[in-house]
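Structure assessment
Below, each chain spelled out in residue letters.
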Amino acid sequence: MAALRSLLYFLIFYPGTILYCIATLIAARFGSGPVRRVIRAWAIFHHQLVTRMLGIRFEMEGEIPDGPVLVAFKHQAMVETIETLLLVKTPVVVMKQEYVDVPLLGPTMKSFGVIGVNREAGASALREMMQRGKQAIAEGRPVVIFPEGTRVPVGETPELRPGFAGLYRALGLPVVPVAHDSGKVWPKGLVKYPGVIHLKVGETIPAGLKRDEIERRVHSAINALEG
């Protein structure tokens, strides 16, 4: 049954996403407000598919504040990357450049304000990320980052990517860490399983800490549900 539901999810989600991408590109002609409304509608569309079709629920402990903060999420699956658009108000999301380069999807993301990171670009990628992050602050928007840099299997707690500490220092924002266990119901592959994704918002970490301290505290907080 889980396999059938998962197949139906993908058959509905991806064609639906194409329609939302087209709607976003049209909305971009009328300003950022319409774009944000369409993107939020897409995130709600996805959330409803996940909860109603796949039987996955979300339980959240704590609350993510509005305004300019740096929100650091654990990264185990695709599901939380879209769910962040509902959990965080009008976020600017840092993601791999390869996603931003996808036809149709990429321009849609750019119109919303994502920050694409090309790891091979080195220092220039970090400068671009910082510049876009400062623009987000000027607009009063939070910045969402997945500091591990890529999806990791349940139970693994890799060190944070160096770009996180650089962005933290450059933006001068407090950090809101978010732990979760999405990988338990959303493993790699086609089949997703019914169940509960638990999210835990950690204590806000102040700006201005040294690199070792901020990395240690964020690493501990986003892995609070591991083990």
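Note that the structure is a prediction, hence the values are computed from the model and not measured.

Conventions used here
- Residues numbered from 1 in each chain as written.
- Predicted model: local features only at pLDDT ≥ 70, side-chain atom pairs only at ≥ 80, totals over all residues.
- Heavy atoms only, no water.
- Helix = DSSP H or I, 4+ residues; strand = E, 2+ residues; numbered from the N terminus.
- Rg over C-alpha atoms; globule rule 2.2 N^0.38 Å.
- Buried < 20%, exposed > 50% of the residue type's maximum accessible area, 1.4 Å probe, protein only.
- Contact = heavy atoms within 4.5 Å.
- Pairing = 2+ DSSP bridges.
- UniProt positions renumbered as here; feature names shortened; annotations may be inferred.
- Core = buried A, V, L, I, M, F, W, Y, C linked by side-chain atoms within 4.5 Å.
- Phe/Tyr/Trp six-rings, centres within 6.5 Å; stacked < 30°, edge-to-face > 60°.
- Axes fitted to C-alpha atoms, helices over the stretch in contact; angles between N-to-C directions.

A short note on the overall build of the protein chain
- Tallying secondary structure elements over the protein chain gives eight helices and seven strands in all.
- For a compact globule of 227 residues, the expected C-alpha radius of gyration is about 17 Å, and the protein chain comes in at 17 Å, within 12% of that figure.
- Along the longest, intermediate and shortest principal axes, the C-alpha atoms of the protein chain span 50 × 45 × 35 Å.
- Taking all 227 residues of the protein chain together, 44% fall into the buried category.

Some thoughts on the environment of Ile197
- Inspection of the secondary structure puts Ile197 in strand 7 (residues 195–201).
- Here Ile197 falls in the buried class, since its relative accessible area comes to 2%.
- Linking Ile197 and Val185, residues twelve residues apart in sequence, is a C-alpha distance of 7.4 Å.
- If we ignore the near neighbours within four places in the chain, the residues touching Ile197 are Ile56, Arg57, Phe58, Glu59, Val79, His180, Asp181, Ser182 and Val185.

Description of the pairing of strand 7
- When strand 1 (residues 56–61) meets strand 7, the two strands line up parallel, connected through six bridges. Across the sheet, the residue bridging to Phe58 is Ile197, located in strand 7.
- In the sheet, strand 6 (residues 175–180) pairs with strand 7 via three bridges, with the strands oriented antiparallel. In the strand pairing of strand 7, Val178 is matched with Val201.

Thoughts on unusual backbone geometry
- For Thr90, which is not a glycine, the phi torsion comes out positive at approximately 45°.
- Residue placement: Thr90 occurs in the loop between helix 3 (79–87) and strand 3 (92–96).

Focus: the UniProt feature "transmembrane region" (unreviewed entry) in the protein chain
- Mapped onto this numbering, the UniProt entry gives "transmembrane region" (unreviewed entry) at residues 6–28.
- Helix makes up 96% of residues 6–28 and strand 0%, whereas the separation of the span's terminal C-alpha atoms amounts to 32 Å.

Remarks on the nonpolar core
- In terms of nonpolar packing, the biggest core is built from 38 residues, with Tyr9, Val71, Phe73 and Trp186 touching the most fellow members.
- Among the elements of the structure, helix 1 (2–27), helix 2 (32–53), strand 2 (70–73), helix 3, strand 3, helix 5 (105–112), strand 6 and strand 7 are those that each provide at least two residues to this core.
- Aside from chain neighbours lying at most four places away, what touches Tyr9 is His46, Leu49, Val50, Met53, Leu54, Met78 and Trp186.
- Counting residues in hydrophobic clusters, the runner-up holds 22 residues, among them Val94, Ile145, Phe164 and Val218.

Brief notes about the packing of aromatic side chains
- The full count for this structure, using the stated rule, is ten aromatic pairs.
- For the ring pair Tyr9 and Phe10, a centre distance of 4.8 Å and an interplane angle of 70° mean the geometry is edge-to-face. We note that Tyr9, like Phe10, is buried.
- Between the aromatic rings of Phe13 and Tyr14, the centroid separation amounts to 5.1 Å while the plane-to-plane angle is 65°, which identifies the pairing as edge-to-face.
- The buried category is assigned to Phe13, whose relative accessible area is 2%.

Concerning the environment of Ile222
- Position of Ile222 relative to the elements: it lies in helix 8 (residues 211–222).
- Sequence separation between Ile222 and His180 is 42 residues; the distance between their C-alpha atoms is 7.4 Å.
- Excluding residues that lie within four positions of it along the chain, Ile222 makes contacts with Ala72, Phe73, Lys74, Pro147, Glu148, Leu160, Pro177, Val178, Ala179 and His180.

Some details on the sheet that holds strand 1
- The strand order across the open sheet formed by seven strands is 1-7-6-2-5-3-4, and the pairing between neighbours is mixed. In this open sheet, the two edge strands, each paired with only one partner strand, are strand 1 and strand 4 (115–117). Ignoring which end each strand starts from, the neighbouring axes of this sheet average 25° apart.
- Strand contacts of helix 3: strand 1, strand 2, strand 3, strand 5 (143–145), strand 6 and strand 7, with the helix running at about 55° to strand 1, the strand carrying the most contacts.
- Seen against the sheet, helix 8 touches strand 2 and strand 6 and runs at an angle of roughly 35° to strand 6.

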